[in-house]
Amino acid sequence: FDISSKIEGNESQILTVSLGPGEVLRAESGAMMYMTAGVEMNTTTGGGVSAGFKRFLTGQNVFISDYTYTGAEGTRGVVALGTDFRSKIVRLNVGDYGGKLVCQKGALLCASHTIEIEVEVTKSFSAGFFGGEGFVLQALTGEGDVIVKAGGTLIRRDLGEGEKLRISSGCLVAFSYGIDYDIEQMKGFKNVVFGGEGLFVTTLTGPGVAWLQGQPADRMI
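What this report covers is the structure whose coordinates are included nearby. (Residues numbered from 1 in each chain as written. Predicted model: local features only at pLDDT ≥ 70, side-chain atom pairs only at ≥ 80, totals over all residues. Heavy atoms only, no water.)

## A few points about the overall build of the protein
Within the protein, the regular secondary structure consists of four helices and 19 strands. Looking at the protein residue by residue over its 221 residues, the buried ones come to 45%. The contacts in the protein between residues at least 6 apart in sequence include a share of 76% that link residues at least 24 apart. As displayed, the protein has an accessible area near 10,800 Å², and 53% of this comes from carbon and sulfur atoms. (Helix = DSSP H or I, 4+ residues; strand = E, 2+ residues; numbered from the N terminus. Buried < 20%, exposed > 50% of the residue type's maximum accessible area, 1.4 Å probe, protein only. Contact = heavy atoms within 4.5 Å. Areas by Shrake-Rupley, 256 points an atom, 1.4 Å probe, with all protein chains shown as cover.)

Right, dumping it as structure tokens:
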């Protein structure tokens, strides 16, 4: 991805990926904008019914699309992917973050075919019910790159050992392995009733890296 992918656009971004003969791009079903001659699309569950069900639980489609370039040596094909709402797009290498990234439901746009999408269950009932992301998050594991999408402005926060960040529910995009995910009750009656954030906020405790979005899809809708 570091040499074959290109993120284009400003307020609303798309991804174009150049594929060589035999190279495979695994993308969210329904994300394609266009593909050039020689690129073949194969839609599957990506590992059987259980794999499809896992993706369904994490907010992705049951089916995924593999794009393979079948052209001659020395030529390349191109696949362009878009998003279902106005988004910023970022490429992350899973190996740079301990071999695991945890994302909010539906954040994954595409990935290397070597990346596995697993179910990440929140550690407590309260975090799952009130944290804004649900009981099930996406765990992206393996070797390779992932492309994730975020609504509005995308920011990165590096958290030190024991450093806590309190965020509005829904603004979380992803966080690295090692960050502790939980919820905390909002203090102050007026803050709860009139603050617009509800009774709870999501807490992330370092060490690790977190990515946040300024305009979650539910706010936009």
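## Some words on the sheet that holds strand 13 (residues 145-151)
The six strands lie next to each other as 5-6-3-10-13-8, forming an open sheet whose pairing is antiparallel. Every interior strand has two partners, whereas the edge strands, strand 5 (39-44) and strand 8 (87-93), have only one. The average undirected angle you get between the axes of adjacent strands in this sheet is 20 degrees. Here strand 8 pairs with strand 13 via seven bridges, running antiparallel. Counted as the bridge partner of Arg91 is Ile147 from strand 13. (Pairing = 2+ DSSP bridges. Axes fitted to C-alpha atoms, helices over the stretch in contact; angles between N-to-C directions.)

## Quick word on the sheet that holds strand 2 (residues 14-19)
Spatially, the four strands line up as an open sheet ordered 1-2-7-4, and their pairing is antiparallel. Unpaired on one side and paired on the other, strand 1 (5-8) and strand 4 (32-35) mark the two borders of the sheet. Recorded for the sheet is a direction-independent mean angle of 20 degrees between the axes of neighbouring strands. Relative to strand 7 (residues 77-81), strand 4 runs antiparallel, the two sharing three bridges. Bridge assignment links Met35 to a residue of strand 7, and that residue is Val79.

## Here we look at the pattern of salt bridges
The full count for this structure, using the stated rule, is six salt bridges. Its salt-bridge partner being Glu11, residue Lys88 comes within 4.0 Å of it at the nearest N-O pair. Within this pair, whereas Lys88 is found in strand 8, its partner Glu11 is found in the loop between strand 1 and strand 2, the two being separated by 77 residues in sequence. According to the relative accessible area criterion, Glu11 is exposed, its value standing at 57%. A salt bridge links Asp84 to Lys149; the shortest N-O distance between them is 3.4 Å. With Asp84 in the loop between strand 7 and strand 8 and Lys149 in strand 13, this residue pair connects regions lying 65 residues apart in the sequence. The exposure class assigned to Asp84 is exposed, which follows from its relative accessible area of 62%. Residue class for Lys149 comes out buried when judged on its relative accessible area of 8%. (Salt bridge = Lys/Arg side-chain N within 4 Å of Asp/Glu carboxyl O.)

## Here we look at unusual backbone geometry
Between Gly206 and the following residue, Pro207, the backbone shows a cis peptide bond with an omega angle of 20 degrees. With respect to the helices and strands, the residue Pro207 is situated in the loop between strand 18 (200-205) and strand 19 (208-213).

## Some words on the nonpolar core
Leu92, Leu101, Leu140, Val146, Val148 and Trp211 are the most contacted members of the largest nonpolar core, which has 19 residues in total. Dropping the residues within four chain positions of it, Val148 is found in contact with Lys88, Ile89, Val90, Leu92, Cys103, Ala107, Leu108, Leu109 and Val173. Counting 16 residues, the second largest nonpolar core, distinct from the first, contains Phe1, Ala27, Tyr67 and Val79. (Core = buried A, V, L, I, M, F, W, Y, C linked by side-chain atoms within 4.5 Å.)

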